[in-house]
Amino acid sequence: MKTVFADTSGFYAAMDAVRDFERGLLRLREVSFVDAQLHAAGIQRCLAANRRHLSLTDSVSLEWMNERQVAEARDGSAALEAAVSQV
């Protein structure tokens, strides 16, 4: 099975999207939580990149993807998707 990263941090704005996510996609996927080590690695990546449009969230996502050798991201973030293509 192919692993793809999906960022759900924007779901707070649309409760219907949260319900759909919980009823459908969430039941089919693994959920990973950010621990202190992953967060620290994301901070280091964000600082090292020194790019305005690469957020801490994107940087933590990239670290998570790197650990799991995930090569594709679908979250609607042009910055994250561009960063993935450069990794």
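Residues numbered from 1 in each chain as written. Predicted model: local features only at pLDDT ≥ 70, side-chain atom pairs only at ≥ 80, totals over all residues. Heavy atoms only, no water.

## Some details on the overall build of the protein
At step 1: The helix and strand tally for the protein stands at five helices and zero strands.
At step 2: Each of the 87 residues in the protein was classed as buried or not, and the buried ones make up 24%.
At step 3: Long-range contacts, defined as pairs at least 24 residues apart, comprise 45% of the intrachain contacts of the protein with a sequence gap of at least 6.
At step 4: Within the structure as shown, the protein displays about 6,400 Å² of accessible surface, and the carbon and sulfur contribution to it stands at 52%. (Helix = DSSP H or I, 4+ residues; strand = E, 2+ residues; numbered from the N terminus. Buried < 20%, exposed > 50% of the residue type's maximum accessible area, 1.4 Å probe, protein only. Contact = heavy atoms within 4.5 Å. Areas by Shrake-Rupley, 256 points an atom, 1.4 Å probe, with all protein chains shown as cover.)

## Some words on the nonpolar core
At step 1: Counting five residues, the largest nonpolar core is built from L38, V60, W64, M65 and V70.
At step 2: Per element, the largest residue contribution to this core is three residues, and it comes from helix α4 (residues 56–68). (Core = buried A, V, L, I, M, F, W, Y, C linked by side-chain atoms within 4.5 Å.)

## Some points on the side chain of S59
At step 1: Inspection of the secondary structure assignment puts S59 in helix α4.
At step 2: Look at S59 and you get buried, because its relative accessible area is 0%.
At step 3: Once you skip the residues sitting within four places of it in the chain, S59 turns out to touch G42, R45, C46 and L54.

## Observations concerning unusual backbone geometry
At step 1: Phi at Q69 is positive, roughly 55°, even though this residue is not glycine.
At step 2: Examined against the element boundaries, Q69 turns out to sit in the loop between α4 and α5 (78–86).

## Structural notes on the environment of T57
At step 1: Counting through the fold element by element, T57 comes out in helix α4.
At step 2: Since its relative accessible area comes to 40%, T57 is described here as partly exposed.

## Description of the pattern of salt bridges
At step 1: Under the definition given, this model contains two salt bridges.
At step 2: Residues R68 and E67 are paired through a salt bridge, measuring 3.1 Å at the closest nitrogen-oxygen approach. (Salt bridge = Lys/Arg side-chain N within 4 Å of Asp/Glu carboxyl O.)

Everything listed is a geometric property; what it means functionally is a separate question.
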